[in-house]
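Residues per chain, in single letters:
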Amino acid sequence: MKVLVTGASGFVGQHALPALAARGFEVHAVARSPIPGAVVHAADLLDAAERRALLADVAPSHLLHLAWDAEPGRYWTSPSNLDWVAASLDLARSFHDIGGRRFVGVGTCAEYTWGDPRFDEATSPCRPATLYGAAKDGTRRILAAYAESVGLSFAWGRLFYLYGPGERRGRLVSDAAHALLTGAEFPTSPGHQRRDFLHVVDAAGALAALLDGPVTGAVNIGSGEAVPVRTLLDGLATRTGRFDLVRYGARTLGPSEPAAIEAAVARLSGEVGFRPRFTLETGLDDTLSWWRNRLGAAGSAGE
């Protein structure tokens, strides 16, 4: 089995590569720099000629499509979402044309209609509130219809709230961990909204399991248990001893923010057969260990 992974150097991609290798895949990655354990290909996936040449050259049997614009603070409304819709559709078509067998795309919980306390793939409606969510949902719908028409095995992993090693600044856990470890104040909302958090290694492992199996359609990738944001931040504060730096209520929660976002994970656990390795407690330990090493290395380099 030969898999091509787009977005391989991203937050999820860097953890998906070893998970796929552990399952016996010959791993090929789209990236700009070398990655241990993978054959790396440099290609602009928004360029049709490069995209098609890449697939013809690698001739993968499986494709895990992670690449998308995920720049913090921008991706919700970025016009580049339209570019990635077009590129993703052509990627799937070109993949099928060269004989590819199984395509797994990666979506988001933002495809769902906010309001339900728990989102189920079969029963929860998808009416996204953002351009990003609409672009992902539209891509999934078109790819599902295309895959059925040509006999391509297709699944769609909907990611919920991820955290862990390698997360870039500009997101909740990465910013909070960095602030508390460097002695900076962390202004935040009151923190009562409940979110489904999953360690990125588990998310990557879930996607690898989904790719390496027959399950089709949308599958939620989450823990199945939402917790108040305050619980997560208190966990970071406890581990760093810096409760004094967390400023609850210093920021207001937007009126469109739902009270709860939680994944139903019956498909993930029952059909895909995946169980998370990390609890929230061990996941926070692992995340802070990574940040301490990163900040320590940066400090040493500065000296």
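See the structure shown above.
Quick caveat: nothing in here was measured; it's all calculated off a predicted structure. (Residues numbered from 1 in each chain as written. Predicted model: local features only at pLDDT ≥ 70, side-chain atom pairs only at ≥ 80, totals over all residues. Heavy atoms only, no water.)

### Regarding the packing of helix α3 (residues 80-97) against helix α4 (residues 131-150)
Piece 1. Their axes nearest at 9 Å, the elements α3 and α4 cross at an angle of 15°. The angle between α3 and α4 places the two elements in the roughly parallel class. Handedness of the crossing formed by α3 with α4: right-handed. Every residue of α4 that contacts α3 at Asn81, Leu82, Val85, Ser88, Leu89, Ala92, Arg93 and His96 is listed here: Leu131, Tyr132, Ala135, Thr139, Ile142, Leu143, Tyr146 and Val150.
Piece 2. Across the contact of α3 with α4, the residue classes break down as 11 nonpolar, four polar and one charged. (Axes fitted to C-alpha atoms, helices over the stretch in contact; angles between N-to-C directions. Helix = DSSP H or I, 4+ residues; strand = E, 2+ residues; numbered from the N terminus. Parallel < 35°, antiparallel > 145°, perpendicular 65-115°, else oblique. Left-handed = near helix turned anticlockwise from the far one by under 90°. Contact = heavy atoms within 4.5 Å. Nonpolar A, V, L, I, M, F, W, Y, C, P; charged D, E, K, R; others polar.)

### Some points on the sheet that holds strand β12 (residues 227-228)
Piece 1. Spatial strand order, β12-β9-β14: three strands in an open sheet with mixed pairing. The sheet terminates laterally at β12 and β14 (260-261), the two strands that pair on one side only. (Pairing = 2+ DSSP bridges.)

### A word on the sheet that holds strand β1 (residues 2-6)
Piece 1. Reading across the sheet, the seven strands line up as β3-β2-β1-β4-β5-β6-β11 and stay open at both edges, with parallel pairing between neighbours. Whereas interior strands pair on both sides, the edge strands pair on one side only; in this sheet they are β3 (39-41) and β11 (217-221). Averaged over all pairs of adjacent strands, the angle between strand axes in this sheet comes to 20°, irrespective of strand direction.
Piece 2. Both strand β2 (residues 26-30) and β3 contribute to a ladder of three bridges, which runs parallel. Bridging across to β3, histidine 28 finds its partner in valine 39.
Piece 3. Strand contacts of helix α2 (residues 48-58): β1, β2, β3 and β4 (62-65), with the helix running at about 155° to β1, the strand carrying the most contacts.

### A closer look at the packing of aromatic side chains
Piece 1. According to the stated counting rule, one finds 12 aromatic pairs in the structure shown.
Piece 2. With centroids separated by 6.1 Å and ring planes inclined at 35°, the aromatic side chains of phenylalanine 103 and phenylalanine 154 adopt a geometry described as tilted. In this pair, phenylalanine 103 sits in strand β5 (residues 102-108) while phenylalanine 154 sits in strand β6 (residues 153-159), placing the two residues 51 residues apart along the sequence.
Piece 3. By the ring-pair criterion, three or more aromatic residues cluster together here, those being Phe95, Phe103, Phe154 and Trp156.
Piece 4. Here arginine 158 stacks its cationic end above the ring of tyrosine 112, 4.6 Å away from the centre of that ring. (Phe/Tyr/Trp six-rings, centres within 6.5 Å; stacked < 30°, edge-to-face > 60°. Lys NZ or Arg CZ within 6 Å of the ring centre and 35° of its normal.)

### Some words on the layout of surface pockets
Piece 1. Within this model, the second largest pocket holds a volume of roughly 200 Å³.
Piece 2. Here the lining of the second largest pocket gets three residues from one element, more than from any other, and that element is strand β10 (residues 197-199).
Piece 3. Residues that form the lining of the second largest pocket fall into these classes: seven nonpolar, three polar and two charged. (1 Å grid on protein atoms, 1.4 Å probe; cavity = no way out; pocket = protein on both sides within 12 Å on 5 of 7 lines; lining within 4 Å. Points joined across faces, edges and corners; volume = space filled by probe spheres on them.)

### A few points about the pairing of β2
Piece 1. When you tally the buried positions in β2, you get four out of five residues, the bulk of the element.
Piece 2. Bridge analysis of β1 against β2 gives four bridges, and the strand direction is parallel. By the bridge assignment for β2, leucine 4 is matched with histidine 28.
Piece 3. Assessed by its sense of winding, the connection that carries the chain from β1 through helix α1 (residues 13-22) to β2 is right-handed. (Buried < 20%, exposed > 50% of the residue type's maximum accessible area, 1.4 Å probe, protein only. Right-handed = clockwise from strand over helix to strand, strands pointing away.)

### Description of helix α6 (residues 200-211)
Piece 1. Helix length check: α6, at 12 residues, gives a terminal C-alpha distance of 16 Å against a target of 16 Å (1.5 Å per residue), a fit within 8%.
Piece 2. Taking burial as the measure, the 12 residues of α6 include 11 buried ones, the bulk of the element.
Piece 3. Those residues of α6 lying buried are Val200, Asp202, Ala203, Ala204, Gly205, Ala206, Leu207, Ala208, Ala209, Leu210 and Leu211. (Expected span 1.5 Å × (residues − 1).)

### So, the nonpolar core
Piece 1. Among the nonpolar cores identified, the biggest contains 45 residues, and Leu20, Leu64 and Ile221 are the most heavily contacted of them.
Piece 2. Counting only elements with at least two residues in this core, the list comes to β1, α1, β2, β5, β6, α6, β11 and α8 (266-272).
Piece 3. Core analysis: the second largest hydrophobic core is formed by 25 residues, Ala43, Leu45, Phe95 and Ala135 among them. (Core = buried A, V, L, I, M, F, W, Y, C linked by side-chain atoms within 4.5 Å.)

### Description of the pattern of salt bridges
Piece 1. By the definition in use, this model includes 17 salt bridges.
Piece 2. With a closest N to O distance of 3.0 Å, arginine 158 and glutamate 111 form a salt bridge. Placement of arginine 158 in strand β6 and of glutamate 111 in the loop between β5 and α4 is noted, with a sequence separation of 47 residues between them.
Piece 3. Residue class for glutamate 111 comes out buried when judged on its relative accessible area of 0%.
Piece 4. The network of salt bridges with common partners includes Glu111, Asp137, Arg140, Arg141 and Arg158. (Salt bridge = Lys/Arg side-chain N within 4 Å of Asp/Glu carboxyl O.)

### With respect to the environment of alanine 31
Piece 1. Residue position: alanine 31 is located in the loop between β2 and β3.
Piece 2. Residues alanine 31 and alanine 43 lie 12 residues apart in sequence; the distance between their C-alpha atoms is 7.4 Å.
Piece 3. Among all residues touching alanine 31, those that are not within four sequence positions of it are Ser9, Val40, His41 and Ala42.

### What about unusual backbone geometry?
Piece 1. At alanine 59, a residue that is not glycine, the phi angle is positive and equals roughly 50°.
Piece 2. Summarising the element assignment, alanine 59 is placed in the loop between α2 and β4.
Piece 3. We classify alanine 59 as partly exposed; its relative accessible area is 40%.

What is shown is where atoms sit, not what they do.
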